[in-house]
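Below are the chains, spelled out letter by letter.
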Amino acid sequence: MKVALTIAGSDSGGGAGIQADLKAFTRFGVYGASALTLVTAQNTLGVQRVHLLPPELVYAQIQSVAEDLPIHAAKTGALGNAEIVEAVAQGVRRYGIAPLVVDPVMVAKGGIPSLPPRRSRPLKRGYSPLPPSSPRTASRPKSFFRGPSAPWRKPRRQAGNSLPSAPKRSS
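Residues numbered from 1 in each chain as written. Predicted model: local features only at pLDDT ≥ 70, side-chain atom pairs only at ≥ 80, totals over all residues. Heavy atoms only, no water.

## Section: the pattern of salt bridges
Logical step 1: Under the counting rule described, the total for this entry stands at two salt bridges.
Logical step 2: Linking K75 and D103 is a salt bridge whose minimum nitrogen-to-oxygen distance equals 4.0 Å. Linking K75 in strand β4 (residues 73-76) with D103 in the loop between β5 (100-102) and α4 (117-124), this pair joins segments that are 28 residues apart in sequence. Here K75 and D103 have matching classes, each one buried.
Logical step 3: By sharing partners, the salt bridges in this structure join D21, K75 and D103 into a single network. (Salt bridge = Lys/Arg side-chain N within 4 Å of Asp/Glu carboxyl O. Helix = DSSP H or I, 4+ residues; strand = E, 2+ residues; numbered from the N terminus. Buried < 20%, exposed > 50% of the residue type's maximum accessible area, 1.4 Å probe, protein only.)

In structure tokens, the structure reads:
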């Protein structure tokens, strides 16, 4: 069975973060492993609180999974701050985790920034220690990080054709 690693925050409401990623992995017949970056007090009304985990603990989770399971792909979500981004990048490089889908969650669905504005500046400028060949995604609230080339500014069919195809499901 293929293994996918989600490196993201936890949504106590279950609609986003690692909870949503693990549900998606299961739906496609992929074994899901996780490394938490932050914990939220969150529900369908919004994000009430966010607690960032220490970067050393984030790295230790990646290390623990990578030393035990063959990671076939990984995805990031909310990373929280530059130190956690660096810890994730170290883990990804050390364990050769690829492909890596980078989804920089900087604004939660409720509109509350999950990354303080001063901490998001390097990412807005295009700096990321994560591998440059990694696919990146962005939702509408994150559009100011992508500018006019954001996928929803293209015709939907063209945007869909520009994405890598999903793995075939085994019956």
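## Notes on the confidence of the model for the chain
As a note on interpretation, predicted positions should not be read in detail where pLDDT is low.
Logical step 1: Per-chain confidence: the chain averages 75 in pLDDT, with 61% of residues scoring 70 or above.
Logical step 2: Helix α2 (residues 55-66) holds the highest mean pLDDT among the elements of the chain, 98, whereas helix α5 (residues 156-161) holds the lowest, 45.
Logical step 3: This model gives residues 122-127 a pLDDT under 50, and the stretch forms eight contacts once residues within four places in sequence are excluded.
Logical step 4: For residues 138-171, every residue scores under 50 in pLDDT, and the model assigns this stretch 28 contacts once sequence neighbours within four places are set aside. (pLDDT = per-residue confidence, 0-100. Contact = heavy atoms within 4.5 Å.)

## A word on the environment of A74
Logical step 1: Summarising the element assignment, A74 is placed in strand β4.
Logical step 2: A74 gets classed as buried once you look at its relative accessible area, which sits at 5%.
Logical step 3: Taking C-alpha positions, A74 is 8.6 Å from V102, a pair spaced 28 residues apart along the chain.
Logical step 4: If sequence neighbours within four positions are ignored, A74 has contacts with L5, I97, P99, L100 and V101.

## Details of helix α1 (residues 17-27)
Logical step 1: Looking only at α1, the buried set comprises I18, D21 and F25. Down the axis of α1, the buried set is contained in an arc of 60°. They therefore lie on one face. For α1, the exposed residues set more than 90 degrees away from the buried face come down to K23, T26 and R27.
Logical step 2: Packed against the buried residues of α1 are β1 (3-10), β2 (31-43) and β4.
Logical step 3: Positive phi shows up at G29, right after α1, with a value of about 70°. (Arc of directions from axis to C-beta.)

## A closer look at the nonpolar core
Logical step 1: In terms of nonpolar packing, the biggest core is built from 19 residues, with L5, I7, I62, V88 and I97 touching the most fellow members.
Logical step 2: Elements with a minimum of two residues in this core: β1, β2, α2, α3 (82-94) and β5.
Logical step 3: In this structure I62 touches I7, A35, V88, G91 and I97, once residues within four positions along its chain are discounted. (Core = buried A, V, L, I, M, F, W, Y, C linked by side-chain atoms within 4.5 Å.)

## Remarks on the sheet that holds β4
Logical step 1: Ordered in space as β3-β2-β1-β4-β5, the five strands form an open sheet in which the pairing is mixed. A strand with exactly one partner marks an edge of an open sheet, and here the two such strands are β3 (46-52) and β5. When the angles between neighbouring strand axes are averaged without regard to direction, this sheet yields 25°.
Logical step 2: Strand direction decides the pairing type here: β2 and β3, joined by six bridges, are antiparallel. (Pairing = 2+ DSSP bridges. Axes fitted to C-alpha atoms, helices over the stretch in contact; angles between N-to-C directions.)

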